[in-house]
Amino acid sequence: MALNLGILVFDEVEVLDFSGPFEVFSVTSNNHPEFFNRVKLIAETPTISARGGMRVQVDHLIDEDFSNLDILLVPGGFGTVEAAKNEKLINWIKQLRPSLKYIISVCTGVSLLGKAGLVDGMVITTHHMRYKEVGEDCPNSWFCTCRRFLDNDPTYTSGGVSAGIDLSLYFVKKHFGKEVVEETVKYMEYNWTDPDVSPCACTCGAEVCQANQTKQS
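Source: prediction; values computed, not measured. (Residues numbered from 1 in each chain as written. Predicted model: local features only at pLDDT ≥ 70, side-chain atom pairs only at ≥ 80, totals over all residues. Heavy atoms only, no water.)

Caption draft 1: Examining the nonpolar core more closely. Ranked by size, the top nonpolar core spans 67 residues in total, and within it Leu8, Leu72, Trp92 and Ile93 carry the most contacts. With seven residues, helix α6 (residues 163-176) is the single largest residue contributor to this core. Excluding its chain neighbours within four sequence positions, the residues that come into contact with isoleucine 93 are Leu8, Leu72, Ile103, Leu112, Leu113, Ala116 and Leu118. (Core = buried A, V, L, I, M, F, W, Y, C linked by side-chain atoms within 4.5 Å. Buried < 20%, exposed > 50% of the residue type's maximum accessible area, 1.4 Å probe, protein only. Helix = DSSP H or I, 4+ residues; strand = E, 2+ residues; numbered from the N terminus. Contact = heavy atoms within 4.5 Å.)

Here it is in structure tokens:
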């Protein structure tokens, strides 16, 4: 059965944080509608103003029924500073989580997952310039500072901006196979490095920091 994927957006969201994954999953859906239904944008308001002033009209409001949503992707950007203080939004994410198959964050979007208590005890990642700020919202998590994305299936986190594209491609390959992701990459004309071909060995100590109880700050 095709998966339903929604992307949460809000004012001052980083454009590529949501549009990059949107492109990956939309292209994959176009090529293989048996895997994904049309990707939907979700927000508190009918339109939002993304970083740089891009106006975006969304498909659904958070007050609607999302019982059939399989994947939620939470992007980042400067807007996460206010979004992480939005109790209604955080409670929505928290209440939605049990019915989701997967949850994905890009960049500082992981702050919202942290405020909802959804990444406790995990090694995660975020934008390389925002470890300290995001750490305040994710006090029970540890940061990997050398990888572009982390797989804590069913929770996935990525670094900033373009890293969300790499994570999305990785997700497609993991769940639907090499041929499917190669079709997507070819259409996008994207220079993607397959992590299975060129694995990134952790060099920052994140693989052992959880056991050592050494939190990044």
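Caption draft 2: Geometry of the environment of leucine 118. Positionally, leucine 118 belongs in the loop between α4 (110-115) and β8 (123-124). Among residues more than four places away in sequence, those in contact with leucine 118 are Ile93, Arg97, Ile103, Leu113 and Thr155.

Caption draft 3: Region of the structure containing the packing of aromatic side chains. This model, assessed by the stated rule, comprises 10 aromatic pairs. When the centroid spacing of 5.2 Å and the interplanar angle of 70 degrees are considered together, the rings of phenylalanine 36 and phenylalanine 176 count as edge-to-face. One end of the pair, phenylalanine 36, is in the loop between α1 (15-31) and β2 (40-43); the other, phenylalanine 176, is in helix α6, and 140 residues separate them in sequence. Here phenylalanine 66 and tryptophan 92 contribute two aromatic rings whose centre-to-centre distance is 5.6 Å and whose plane-to-plane angle is 80 degrees, an arrangement assigned as edge-to-face. Placement of the pair is phenylalanine 66 in the loop between β5 (60-61) and β6 (71-74) and tryptophan 92 in helix α3 (residues 87-96), with a sequence separation of 26 residues. Each member of the pair, phenylalanine 66 together with tryptophan 92, is buried. An aromatic cluster of three or more residues is present, and its members are Phe25, Phe35, Phe36, Tyr102, Tyr156, Phe171 and Phe176. (Phe/Tyr/Trp six-rings, centres within 6.5 Å; stacked < 30°, edge-to-face > 60°.)

Caption draft 4: Just the side chain of aspartate 137, in detail. Mapping aspartate 137 onto the fold places it in helix α5 (residues 131-137). It turns out aspartate 137 is buried and unbridged, and the closest side chain with the opposite charge, lysine 115, is 4.1 Å from it. Separated by 3.2 Å, the side chains of aspartate 137 and serine 111 make a polar contact. Not counting residues within four places of it along the chain, the set of residues in contact with aspartate 137 comprises Ala84, Ser111, Gly114 and Lys115. (Lys, Arg positive; Asp, Glu negative; His and termini not counted. Salt bridge = Lys/Arg side-chain N within 4 Å of Asp/Glu carboxyl O. Polar contact = N/O pair within 3.5 Å; in protein donor to acceptor, adjacent residues only side chain to side chain.)

Caption draft 5: How the structure looks around the pattern of salt bridges. What the rule picks out here adds up to nine salt bridges. Note that lysine 85 is salt-bridged to glutamate 82, the shortest N-O span being 3.7 Å. In this structure, aspartate 151 engages lysine 174 in a salt bridge whose closest nitrogen and oxygen atoms are separated by 2.7 Å. With aspartate 151 in strand β10 (residues 149-152) and lysine 174 in helix α6, this pair connects stretches of sequence that are 23 residues apart.

Caption draft 6: Spotlight on unusual backbone geometry. Backbone torsion omega between aspartate 153 and proline 154 reads 15 degrees, so that peptide bond is classified as cis. Among the structural elements, proline 154 can be located in the loop between β10 and β11 (155-158). Of note, the phi angle at valine 161 is positive, near 55 degrees, even though the residue is not glycine. Structurally, valine 161 can be placed in the loop between β11 and α6. With a phi close to 50 degrees, glutamate 189 is a non-glycine residue in the positive phi region. Tracing the backbone shows glutamate 189 in the loop between α7 (178-188) and α8 (206-212). With a relative accessible area of 74%, glutamate 189 lands in the exposed category.

Caption draft 7: Spatial organisation of α3. The complete set of buried residues in α3 reads Leu89, Ile90, Trp92, Ile93 and Leu96. For α3, the buried positions fall inside an angular range of 155 degrees around the axis, keeping them on one side. Away from the buried face of α3 by more than 90 degrees, exposed residues Glu87 and Gln95 are located. Summarising the contacts, the buried residues of α3 are in contact with β1 (5-8), β2, β6, α2 (80-83), β7 (102-106) and α4. The opening residue of α3 is asparagine 86, an N-cap whose side-chain oxygen sits 3.1 Å from the backbone nitrogen of lysine 88. (Arc of directions from axis to C-beta.)

No statement about biological role is implied by the geometric values presented.
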